[in-house]
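Now for the letters of each chain:
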Amino acid sequence: MLPVPLLAACDGPLSTLEPSGPAARDVAILWWAMLAGSTLITLMVGAMLVLAIRNKGGRASERHWIWGWGLGFTLSVLTVLVGFSLWLGERMLARADDALEVSAHAAQWEWRFIQPGPDGQPVATLDTLYVPAGTSFDVVITSEDVIHSFWVPQLGGKMDAIPGHVNRHRLRADAPGVYEGLCAEFCGIGHNFMRFTVIAYDPALPMPDMSEAMAPFADNQAEMLP
Amino acid sequence: MNWLWRALAGLILWAVLFSAVYGLHGAGCALGWRRVPVLFTDWHHLAMWLVWGVGLVLHVILLRTMPQGVPPGRSRWLIVAGAWIGLGSTLFTLFPVIATSTCL
Amino acid sequence: MTVTSPADPRAIAPSEPMVDALDIAANPPRRALALHRELDAVWRDEPGWRGFFTSVNHGTIGLRFMVTAFVFFAIGGVLAMLIRAQLATQQGAFLDLDLYNQIFTMHGTIMMFLFAIPMLEGLALWLLPKILGARDMAFPRLSALGYWCYFFGGSVIVLSLVFGVAPDDGWFMYTPLSDRTHSPGVNADVWLLGVTFVEISAIAAAIEITVTILRCRAGGMALTRMPLMGWYLLGTAVMMLVGFPPLILGSILLEVQRAFDWPFFEVARGGDPLLWQHLFWLFGHPEVYIIFLPAAGALSTIIPILSRTTILGYGAIVAAVAGLVFLSFGLWVHHMFTVGIPHMALAFFSAASALVAVPTAIQIFAWIGTMWMGQVQFRLPMLYIMGFFATFVMGGLTGVMLAMVPFNWQAHDTHFVVAHLHYVLIGGFVFPMLAAVSYWMPLICGRWRVRGLGEAAFWLILIGFHGTFFLMHLTGLLGMPRRIAIYPANPEWEWLNLISSIFGMVMAAGFALFAFDVVMQWLFGRRSWRNPWRAPTLDWAMPLPAPSYNFASLPGPRHSDATALLPLARGEGLLPGAPRGWRETLVVEPGSGKPDHVAVLAHSTLLPLQTSAAIGSFFAAMLSGFYWLAPVGILLTIWAGWKWGDIMGTDRDHPPAQVAPGLALPLHFQRRNTLARTGTLALLLADGTLYASLMFGVGFLTVVAPNWPAPESGIATLPNLLAALVALGAMALGLVASFRAETTRTTPMGATWAMVGLGTGVLALAALAVLAYGLDDPTRHARDALRGVVLGFAVFHGVVASLLALRSLADHRQGRVSAARVGASPIWQLFQLFWLGTSAASFILILAQEVLT
């Protein structure tokens, strides 16, 4: 009974459970699998506990409880899970191929993006990132001042923006649409409001009008692009 | 007390190997060892494989030598358990050196 | 040793054969009341207010730690309620953002540093001597010093909230947010200095716990037969010795950066904010297990007793604890999965984070198996244990989820993590602690609880907890990040937060009722009979409430469990009474538990309070920005430290103490391998970790930080090289002197060698001063700043080693050494060796830096 309203409650503009890209989808699959496994294990341990309490004295063997359940069972589950997760993780890495590159430069408390504009020239925008749908792109993430974190839950995991470091984060939006993003790492008094939007446009159609979000280039952002 | 050190030997070896391989990975990425080809692989992978491999051999040696001369009882049991835990930990936590991609 | 009690671990395979059938004859019985009066006169605190300030007794200090921790828990809980009130609605317009940032930072800081750690220290201090069969902890004055540092430091941290200058950068204080540029106020200094001041108590407690477990057990209690609580706390203490130094180092570096502009974490000048994260989490993850292990120890103690059986798998549990102690140091990067570390490195830590679930699972199944074996009695502690199972299992499972790299990338920094960490910490620490308090309350206050209140509190806490945090997992998966105060654009989070807030208030009511129940029990409970749980462990082998001296005579091979209550009270055990009018306890060999000597412990004294005030004056000067005043605090601390040595040692040889018929043991003055020496080794383990963390910092910045290599260095001059060689040579000569001062102590040469040691110490310090003068400007680049710290490390240890040389000289001058008494030399040798070793390593490091670049 419980899962039905919960499933309906999984929607939302920042929900990781309503994935719209391959990375987010892989994580969602991993989550549902782990949830199912954890529920089973919780119920099983609970049942064992109830049985153990009701059992009024008797023999218990280390072989059964400690080597069987504690070591054997746990280690088998974990081996499978770690293997599966590492395989998923490998699929999400930003490898050296010719994926589209955009830049996200975080500062207290705004996001400055550089992306290809209508004529192919880079365009700088504030708090809105334009990317083509259906294509993998790498976000090159840098920071101006303190540590921030770039996160678009419906597209994939987060990646920190750290002063002095250039991080590369691969994402893809399956379909055209508007995806909400936010700064996930606490960055001071304006942390609450450090939101941004990713607009995935249909590459077959003319590019959307970016003028509303347009901003001057930040001083050093272009240099940080590799 | 001597037996306690013997029981911890495997775990101490794990700690050393874990730090060494983690350090080698970081240093190798920073210093570009992946661009140095050696045999069928590169210097970065080779260094980590070597440490892992030698470490596993050392673990097996500990497994054989640590319990020697300790009379049966709980302390000997703990020595054997410690040696196995060390071996298992090194196998489990460092297997990514043959499974995942480096520096990405 | 003939009595096989129900919870005797020997009953379970792998069995421990009685190899050394150690037997010690029983003392003749005496009148218990007379013995009680004799001992209580020596061991009880002084009356009135003076007693409050001078007490060093582990019973008093341990309880005081726990009560103070609970007060801080209540303050942290009120802050949590403010957070929940703020988040209950989307707009939450009730706290302003700055105040909200202070409140969530303080909630985390208080719960971690002022509640959890001190609570476990208090439990360990209070319980260990009782359960191991000793009269006090190994270093009673250190207990008191730790308490006062905790009290003063904690008070400063909490008072900062009243003055509106509380830390507001989150409890893990990430730089650059916490640096001078982005946090110009005193807020961050309060955190760095306050927490470091409090951590003195953690290091003090860790040293004490280690030494007490290794050397202050009942005669004949081998390590392999020690109650499991001993193993758990030994693991905890060793983890604290190795886990806290990285945090202390990080705090020192960050405070030095804030105060003096040395750029350890500033990118533009060769620093790296990631170094802070590494140092913080190098502490921060072991910290979770430091908190969990004592709680698990309480479970392993209580579960078999309330199941009327013995623990299943004693050996496996000890092995699991050892595994946890080590593995938990290989997990810290899982807090940093999103900082851009390559996937293979993440994979090591992901696998280790998963693997650490195995020893935890082994314990869970051992506890369930134990319950299966026995007959579970549903007394109040058992209810809390059920609360533990209902909570911690889920927390562990979400922990495994978060260890998976891809899932972590999504869930990190969301309310999913908030839910997880509360499941682990409240499930894995608070529920077991509530079980422990309700279990040991009769021993604390001598009274039995009032019916009904405890159960009501339990259900309120359990329901309130799950109501607050269960759905919070979903809140996080729906994208709600941590540390936001309002969420006007996300109505879908509101119902979840509202539910959490309502149940949060229920939980708070439960904790209040728990506190009320404890007070009621203390005031109005009926008197409890002895050993009310029919437990076999030695903590119940004493009258209720526990007397100031614990045991009228100490447990030994013939009196090794709670059945010996009456013989021990009649003085049939070891070392009965206080015939010399001193506080005495038995010291044993670490492994076998064979009695070795008798330690004379400190009486009530104001010195710990004065010392903590002296240390506090240094911290106060730093906090208020009067940096020129800080050296006064250092001098005061040195003066106080000198006074500690003044009342150690003795100027005559004492006859051996009669421990039992046919067994006379020397007092510790006439032993070389004293508790103090073991304690020094423990301290140097922590010190060595601090140094290793510093070396890690050097290596990390050199390899990883941008803006390296550093600018041309000006230190490679001949005078500097000569000064360094003179310093090292003087330290080496000082090491020789420290050994010669001991071997020639019966001749006048002893004092001469101590003098030589002092002279070499001063010479080395002078040479280090020359080096300090020749350093590059430490504000120029992180490399130069780190060299400054490396030099400061050497100077600090030079001062300590020279003071010990001076102490040795005073020993010789004041006749405190003899053929049998060695005085302070063995301690001096250890510090001198450490000083020489770390300085030589630092010299080689800087030489290599200069040659290789």
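Use the structure listed above.
Residues numbered from 1 in each chain as written. Chains lettered and ligands numbered in written order. Predicted model: local features only at pLDDT ≥ 70, side-chain atom pairs only at ≥ 80, totals over all residues. Heavy atoms only, no water.

J.: Please set out the sheet that holds strand E1 (residues 100-107) of chain A residue by residue, giving values where relevant.
T.: Backbone hydrogen bonds are what pair the strands of a sheet, in a parallel or an antiparallel way. Residue and element names in this part refer to chain A. Taken in spatial order, the five strands line up as E3-E2-E1-E5-E8 in an open sheet, and their pairing is mixed. Strands with a single pairing partner mark the edges of an open sheet, and in this sheet they are strand E3 (122-126) and strand E8 (167-172). Across the sheet, the mean angle from the axis of one strand to that of its neighbour is 25 degrees, orientation sign disregarded. As paired strands, E1 and strand E2 (residues 110-116) are joined by five bridges and run antiparallel to one another. (Pairing = 2+ DSSP bridges. Helix = DSSP H or I, 4+ residues; strand = E, 2+ residues; numbered from the N terminus. Axes fitted to C-alpha atoms, helices over the stretch in contact; angles between N-to-C directions.)

J.: Just give me the short version of the state of the cysteines, but keep the residues and values in it.
T.: Here the structure, examined in full by the defined rule, presents one disulfide over all chains. Between the sulfur atoms of Cys29(B) and its disulfide partner Cys103(B) the distance amounts to 2.0 Å. Residues Cys29(B) and Cys103(B) are joined through a disulfide that is left-handed, its torsion about the S-S bond being -95 degrees. Of this pair, Cys29(B) sits in helix H1 (residues 2-31) while Cys103(B) is found in the segment after helix H3 (74-94), placing the two residues 74 residues apart along the sequence. Considering cysteine sulfurs only, Cys183(A) is the nearest to Cys187(A), which forms no disulfide, with 3.8 Å between them. (Disulfide = S-S within 2.5 Å.)

J.: Tell me what's going on with the packing of aromatic side chains, and back it up with residues and numbers.
T.: Tallied over the full model, the rule gives 88 aromatic pairs over all chains. Centre to centre, the rings of Trp367(C) and Phe388(C) are 5.6 Å apart; their planes meet at 75 degrees, and the pair counts as edge-to-face. Taken together, the positions of Trp367(C) in helix H11 (residues 357-373) and Phe388(C) in helix H12 (residues 380-403) put the pair 21 residues apart, joining distant regions of the chain. In this pair, the class of Trp367(C) matches that of Phe388(C), namely buried. We note Lys158(A) situated over the ring of Trp151(A); from NZ or CZ to the ring centre the distance is 3.9 Å. Over the ring of Phe172(C) we find Arg483(C), and its NZ or CZ is 4.3 Å from the ring centre. (Phe/Tyr/Trp six-rings, centres within 6.5 Å; stacked < 30°, edge-to-face > 60°. Buried < 20%, exposed > 50% of the residue type's maximum accessible area, 1.4 Å probe, protein only. Lys NZ or Arg CZ within 6 Å of the ring centre and 35° of its normal.)

J.: Pulling in residues and values, what's your account of the sheet that holds strand E4 (residues 128-132) of chain A?
T.: All names here are of chain A. The sheet built from five strands is open, its strands ordered E4-E10-E9-E6-E7 with mixed pairing. Bordering the open sheet on either side are E4 and strand E7 (159-161), each of which pairs with just one other strand. Averaged over all pairs of adjacent strands, the angle between strand axes in this sheet comes to 25 degrees, irrespective of strand direction. Alignment of strand E9 (residues 177-183) against strand E10 (residues 195-201), held across six bridges, turns out to be antiparallel. Bridged to Gly177 within E10 is Ala200.

J.: Provide a residue-level description of the environment of Gly823(C), including the pertinent values.
T.: Residue and element names in this part refer to chain C. Within the secondary structure layout, Gly823 lies in the loop between helix H24 (782-813) and helix H25 (825-852). Overall, the relative accessible area of 36% leaves Gly823 in the partly exposed class. Residues Gly823 and Asp261, 562 residues apart in the sequence, show an inter-C-alpha distance of 43 Å. Setting aside residues no more than four positions away along its own chain, Gly823 makes contact with Asp811 and Val817. (Contact = heavy atoms within 4.5 Å.)

J.: Could you give an account of the interface of chain C and chain A, with specific residues and numbers?
T.: At the interface, 82 residues of chain C touch 79 residues of chain A. With both sides pooled, the region where chain C packs onto chain A buries about 6700 Å², and carbon together with sulfur makes up 73% of that total. When the area that chain C buries against chain A is broken down by residue, the three leading residues are Phe365(C), Trp372(C) and Gln410(C), summing to 13%. Applying the counting rule to chain C against chain A returns zero salt bridges. Where chain C packs against chain A, one counts 15 residue pairs in polar contact (both at pLDDT 80 or more). At 11 residues, the largest contribution of residues to the side of chain C that touches chain A is made by H11(C). Taken together, the residues of the side of chain C that touches chain A sort by class into 57 nonpolar, 17 polar and eight charged. (Buried area = accessible area lost by both parts, 1.4 Å probe. Salt bridge = Lys/Arg side-chain N within 4 Å of Asp/Glu carboxyl O. Polar contact = N/O pair within 3.5 Å; in protein donor to acceptor, adjacent residues only side chain to side chain. Nonpolar A, V, L, I, M, F, W, Y, C, P; charged D, E, K, R; others polar.)

J.: Explain the pairing of E3(A) to me, using residue names and the numbers behind them.
T.: All names here are of chain A. As paired strands, E2 and E3 are joined by five bridges and run antiparallel to one another. Its bridge partner being in E3, Pro116 is matched across the sheet by Pro122. Hairpin connection from E2 to E3: five residues lie between these consecutive antiparallel strands, with Gly120 at a positive phi of about 85 degrees.

J.: Outline the side chain of Asn531(C), supporting the account with residue identities and numerical values.
T.: Residue and element names in this part refer to chain C. In this fold, Asn531 is placed in the loop between helix H17 (494-524) and helix H18 (565-569). Asn531 sits in the buried class, given a relative accessible area of 15%. Non-local contacts of Asn531, meaning those with residues more than four positions away in its chain, are made with Trp540, Leu544 and Ala562.

J.: Quick rundown of the interface of chain A and chain B? Include the residues and the values.
T.: Contact residues are listed per partner, giving 10 residues for chain A and seven residues for chain B. The contact between chain A and chain B buries some 680 Å² in all, and 76% of this surface belongs to carbon and sulfur atoms. On inspection of chain A and its partner chain B, the count reaches zero salt bridges. The tally of links between chain A and chain B comes to one residue pair in polar contact (both at pLDDT 80 or more).

J.: Explain the pattern of salt bridges to me, and be specific about the residues and the numbers.
T.: All names here are of chain C. Applying the stated criterion to the full structure yields 30 salt bridges over all chains. With a closest N to O distance of 3.2 Å, Glu38 and Arg30 form a salt bridge. Owing to a relative accessible area of 39%, Arg30 belongs among the partly exposed residues under this scheme. A salt bridge links Asp646 to Arg807; the nearest nitrogen and oxygen atoms lie 3.2 Å apart.

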